[in-house]
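Chain by chain, the residues run as shown.
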Amino acid sequence: MNDTATPSGMGSLGHNSAGFPVDWSTDAIVERRNRYYAASQRAFVPYKTPLIFNHGQGQYLWDEKGNKYLDCLSQNLTISVGYNHPVMNQAVIEQLQAIQHATAMFYHPVPAHFAEELVATMPAGEEWVVHFTNSGAEAIDLALMMARTYTGNVDVISLHNSYHGATFGAQSVTGVSGFRHNVPLPGGVRFVPNPDQYRGDFGSGVDPYLMALDRTIQCETPGRLAGLILEPIQGYGGIVPLPVGYLSGAFDRIRAAGGVCIVDEVQAGFARTGENYWSFEYHDVMPDIVVMAKGIGNGLPLAAVVAKREVAESMAEKFLFHTYGGNPVACAAGRAVLRIIEEEGLQENARKVGAELLGVLQDLQKSHEIIGDVRGRGLMMAVELVRDRETREPAAEDLATLFEFTREEGLVMSKSGTYRNVLRMCPPLCIQMEDVDFFASALGKAFDRLAGTRA
Ligand SMILES: Cc1ncc(COP(=O)(O)O)c(C=O)c1O
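The rules behind the values
- Each chain carries its own residue numbering, running from 1 in the direction its sequence is written.
- In keeping with the model being predicted, local features are shown solely for residues with a pLDDT of at least 70 and side-chain atom pairs are shown and tallied solely at 80 or more, while totals for entire chains, interfaces and linings include all residues.
- A run of H or I in DSSP becomes a helix once it reaches four residues, and a run of E becomes a strand once it reaches two; helices and strands are each numbered from the N terminus.
- Throughout, a pair of residues is in contact if the C-beta atoms placed from their backbones lie within 7 Å.
- Domain delimitation follows an automatic or database domain assignment.
- Nonpolar residues are Ala, Val, Leu, Ile, Met, Phe, Trp, Tyr, Cys and Pro. Charged residues are Asp, Glu, Lys and Arg, and all others, Gly as well, are polar.
- At least two bridges found by DSSP between two strands are what make those strands a pair.
- Geometry is summarised by axes, namely lines fitted to C-alpha atoms with helices restricted to the contacting stretch, and by angles between N-to-C directions that run from 0 to 180 degrees.
- Note on definitions: a nonpolar core is a set of buried residues drawn from Ala, Val, Leu, Ile, Met, Phe, Trp, Tyr and Cys, linked by C-beta atoms within 7 Å.
- A residue is called partly exposed when the number of other C-beta atoms within 10 Å of its own lies between 12 and 20, exposed at 12 or fewer, and buried at 20 or more, with C-beta atoms placed from the backbone.
- The rule is simple: place the C-beta atom from the backbone, and if it lies within 6 Å of a molecule or strand, the residue is near it.
- Each angle is binned into one of four classes, with values under 35 degrees roughly parallel, values over 145 roughly antiparallel, values of 65 to 115 roughly perpendicular, and all other values oblique.
- By convention the crossing between two helices is left-handed if the near helix lies anticlockwise of the far one by an angle smaller than a right angle, and right-handed if it lies clockwise.

Considering the overall build of the protein
Inference 1: Looking only at helices and strands, the protein has 14 helices and 19 strands in total.
Inference 2: Dimensions of the protein along its principal axes, counting C-alpha atoms only, are 60 × 60 × 45 Å.
Inference 3: Put simply, of all contacts in the protein between residues at least 6 apart along the chain, 73% involve residues at least 24 apart.

What follows is the structure, given as structure tokens:
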């Protein structure tokens with residue numbers, strides 16, 4: 001994508017306006033990061049060569065050399081309402097200047113307002129309460145703790161192919177070996193096959209997966225459960241939407257065994273799926289605990305557990321403190337996110353533009369045999385590459401090649417899925433209809449180039 005916008009301080013060893021030296025030369029950035037980052041943080045590099053962003057505006061990004069990209073990843077789905085949004089900037093700057101932090105042991109109106117406003121987005125008929133944390137994984141840990149405290153049971157059921165975060169607790173319910181470290185993780189977790197309608201263990205349908213859940217409860221647990229945790233659309237697992245009927249059937253079974261139902265809305269929440277504000281609403285179910293993060297703060301570190309009061313109340317006995325939980329600057333950002341989604345009609349935008357983008361992917365599938373599956377809802381989409389549409393053998397190497405081409409064509413996307421053969425697309429909610437043509441032509445070129453390498 002060509003554009004003449006000038007990134008700040010680009011191409012020079014300069015100083016920012018506060019006088020801090022900032023070296024924007026590519027080599028210096030890479031060298032500093034490689035030298036000073038620990039391997040655990042350094043290891044996650046998607047492209048063959050580093051991609052360095054200098055600034056963003058709306059749904060667009062510019063790298064340090066001035067190249068423009070259409071962002072179809074939203075910094076791992078954190079950028080919900082777009083980069084450099086004036087309402088968000090104003091809310092954050094104002095709060096920063098007033099007081100940058102007030103811990104939850106002191107009272108402050110901003111987190112309290114935000115809790116009220118967040119609760120207002122939840123389905124009516126339940127009394128919801130909020131516990132703010134700093135990251136999704138921390139919120140997952142808390143949700144697991146809450147489920148176990150409330151029920152007095154230990155066993156939690158999670159799904160194959162799920163991702164819930166990097167802490168010990170969140171890894172314990174993460175069902176992809178690539179995200180699980182070789183350390184003793186907390187026990188009491190059983191995994192069941194995820195009802196992936198394209199490549200699930202039992203093919204398409206819901207019943208075999210519910211039967212597998214029954215069997216796991218009967219054979220691998222004491223029959224009493226703390227709960228179930230799932231993503232209604234598995235995110236890092238490769239945008240795998242769970243079929244209608246699964247959540248309701250699973251919730252019944254978990255509740256019959258004394259457990260509570262935890263929904264992880266970290267990727268799919270905050271209007272991203274278009275038809276619904278929360279992706280669980282599509283399934284006509286009522287969770288007991290909902291975990292939110294990422295899009296909640298439009299890039300600021302913020303997350304929350306929203307739970308039925310009765311469930312959350314079980315933890316009143318013992319104090320649980322997150323130093324930054326409910327930070328007023330992050331909560332000011334959270335309030336701005338809710339307002340911008342509402343005022344700019346971003347849920348409807350996600351529905352409409354998402355449908356167009358999905359149409360582009362479906363058209364591409366017609367002319368590119370390598371696309372085995374196209375799926376998604378709203379602004380959460382993916383294509384899955386296969387070597388053969390019959391055998392569905394994953395085409396991970398081709399995906400890696402395609403992925404580099406998408407970058408060269410001006411698109412930022414993500415490689416996902418257990419077999420690393422899924423191209424995941426989740427643009428900011430403010431992506432416009434006018435972006436669809438560029439998306440179609442850039443992705444089309446990337447696929448044509450891939451076809452050229454295979455000819
Ligand atoms: C579905 C889901 N749950 C939980 C998390 C953990 O969130 P965080 O990285 O903020 O700890 C992630 C992060 O990618 C996620 O995708």
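What to know about the domain arrangement of the protein
Inference 1: Domain boundaries assigned for the protein yield domain 1 (88–343) and domain 2 (345–455).
Inference 2: Here domain 1 and domain 2 have C-alpha centroids that lie 27 Å from each other.
Inference 3: The interface is formed by 19 residues belonging to domain 1 together with 22 residues belonging to domain 2.
Inference 4: Looking at the side of domain 1 that touches domain 2 residue by residue, the class counts come to eleven nonpolar, five polar and three charged.

Some points on the sheet that holds strand β6 (residues 128–133)
Strands in a sheet are paired, the pairing made by backbone hydrogen bonds, and the direction either parallel or antiparallel.
Inference 1: With respect to topology, seven strands assemble into an open sheet ordered β6-β14-β13-β12-β9-β7-β8, the strand pairing being mixed. Each edge of the open sheet carries a strand with a single partner, namely β6 and β8 (189–192). Each strand axis lies, on average, 20° off the axis of its neighbour in the sheet, ignoring direction.
Inference 2: Bridge count between strand β7 (residues 156–159) and strand β9 (residues 227–230): two bridges; the pairing is parallel.

Section: the sheet that holds strand β19 (residues 422–425)
Inference 1: Taken in spatial order, the four strands line up as β15-β16-β19-β18 in an open sheet, and their pairing is antiparallel. Each of the sheet's edge strands pairs with one partner strand only, and the pair in question is β15 (371–377) and β18 (414–416). Here the strands of the sheet are splayed against their neighbours by 25° on average, with no regard to which way each runs.
Inference 2: As judged from the three bridges shared by β18 and β19, these two strands associate in the antiparallel manner. Its bridge partner lying in β19, S414 is registered against R424.

Focus on the nonpolar core
Inference 1: Counting residues in each nonpolar core, the largest one holds 122 residues, and the members touching the most others are A143, I289 and V291.
Inference 2: Here the element with the most residues in this core is helix α11 (residues 328–343); it accounts for ten residues.
Inference 3: Here this core spans two domains, and each of domain 1 (88–343) and domain 2 (345–455) adds at least three residues to it.
Inference 4: Setting aside anything within four residues of it in sequence, one finds I289 in contact with A143, M146, A147, V260, I262, V305, A307 and V311.

As for the site of the ligand
Inference 1: Around the ligand, the surrounding shell holds 16 residues, and the nearest of these are S135, G136, A137, G165 and V266.
Inference 2: Here the shell around the ligand gets three residues from one element, more than from any other, and that element is helix α6 (residues 136–151).
Inference 3: Residues belonging to the shell around the ligand are distributed by class as follows: seven nonpolar, seven polar and two charged.

Digging into the environment of L118
Inference 1: Mapped onto the elements of the fold, L118 is located in helix α5 (residues 109–119).
Inference 2: Since 23 C-beta atoms lie within 10 Å of it, L118 is described here as buried.

Quick look at the packing of helix α4 (residues 86–98) against α11
Inference 1: Put simply, α4 and α11 touch, their axes get as near as 8 Å, and they point 155° apart. Taken as axis vectors, α4 and α11 run roughly antiparallel relative to one another. Classified by chirality, the crossing of α11 by α4 is right-handed. Facing α4, whose interface residues are V87, M88, A91, V92, Q95 and L96, α11 presents P328, V329, A332, A333, R335, A336, R339 and I340.

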